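Chain by chain, the residues run as shown.
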Amino acid sequence: MARPVWTGVLSFGLVSFPVGIHTATDSHTIRFHQLQRGTSDRVRNRRVNERTGEEVAADEIVKGYDAGDEYVLVEPAELEDVAPGRSRALEISGFVDLEAIDPIFFDRTYYLGPKGAEYAKVYALLQGALAKTGRAGVATFVMRGREYLVVLKAEDGILTLHTLHWADEIRDPRAEVPDLPDDSAAKSSAKELRMAEQLVTALETDWDPEEFHDTYQEKVAALVEAKRTGGTVEKAELPAEATNVVDLTEALRASVERARGGRSGGRRGRRTPAADRPSLDSLTKAQLYEKAAAAGVPGRSTMTRDELAEALTRADAA
């Protein structure tokens, strides 16, 4: 069982109890070492004095803020002193409707647990109150030299803690993203809008996170294994070309028909006899994907070529 990444005291009103914050998610990242080309020699990063070129021990390193004409040196203990107690306090300042928080503010998710079985009752009390009212507690705390704005919510019988971005950390999309449409320059026709709405409705589905998985990391792992064993891997399909604006209506119409065909199992609802179907082994990933879309195979957008073929085989056998 992993150790908490932070421990302290959670308080709401006059009630307080010790808690621990635990990591809620993992990363699929495959980590590589850096090697010098043509050798198996590791390339390592070292902390060196840029003037002398000599390596500096960790206990000899301090933080320095560049003030322009000089560096202002700050010790770790001094950072603790400017926030007395706050690095071990998680105080809820109020309760808000979670739906009122724009999703862009959410950053990372953690699990929050009581620090000791004797505090289970007060923990369950707060969890139950949040679950029944549909509210989330807003708080701030200091961890690893940084202050966080967070919300606590009840979820599946436990408390989860979600770190938020500060308001001044959210960038203005109009200042960051070029070529955003405005009402006058990107006016869609009523027909195009209607078809787009029909496409959204035709592709409506239930959210099931288990249908999606990290196919890129799987391909990286397959590449590493293939190079280790002297095998080969299939290259990814080229990305789809952008839709010609002139053909937008036709592209929407064809998309709606294909989506509806996939939902209904085809216009006539009949399967092609197995003897009349081309071998799946001879089809490209793009061709398999098109068949999977027509068959309404769930999760097809994240499947590899082999997974598409297997899913189509199962669909034909059903």
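Caption draft 1: Molecular detail of the nonpolar core. Core analysis: the biggest nonpolar cluster contains 22 residues, and Leu10, Leu90, Leu112, Phe141, Val150, Leu152 and Leu161 have the highest contact counts within it. Mapped by element, the contributors of at least two residues to this core are strand E1 (6-12), strand E2 (15-23), strand E5 (89-97), strand E6 (106-114), helix H2 (120-133), strand E7 (135-143), strand E8 (146-155) and strand E9 (158-164). Looking at which element gives the most residues to this core, the answer is H2, with four residues. Setting aside chain neighbours within four positions, we find Leu112 in contact with Leu10, Val19, Gly20, Ile21, Leu90, Tyr123, Leu152, Leu159 and Leu161. Counting residues in hydrophobic clusters, the runner-up holds ten residues, among them Val297, Met303, Ala309 and Leu312.

Caption draft 2: Here's a closer look at the packing of aromatic side chains. Tallying each qualifying case throughout the model produces three aromatic pairs. When the centroid spacing of 5.0 Å and the interplanar angle of 70° are considered together, the rings of Trp6 and Phe141 count as edge-to-face. Of this pair, Trp6 sits in strand E1 while Phe141 sits in strand E7, placing them 135 residues apart in sequence. With respect to burial, Trp6 and Phe141 carry one shared label: buried. Put simply, the rings of Trp6, Phe141 and Tyr148 touch in pairs and so form one group of aromatic residues.

How each quantity is defined
- Residues numbered from 1 in each chain as written.
- Predicted model: local features only at pLDDT ≥ 70, side-chain atom pairs only at ≥ 80, totals over all residues.
- Heavy atoms only, no water.
- Core = buried A, V, L, I, M, F, W, Y, C linked by side-chain atoms within 4.5 Å.
- Buried < 20%, exposed > 50% of the residue type's maximum accessible area, 1.4 Å probe, protein only.
- Helix = DSSP H or I, 4+ residues; strand = E, 2+ residues; numbered from the N terminus.
- Contact = heavy atoms within 4.5 Å.
- Phe/Tyr/Trp six-rings, centres within 6.5 Å; stacked < 30°, edge-to-face > 60°.

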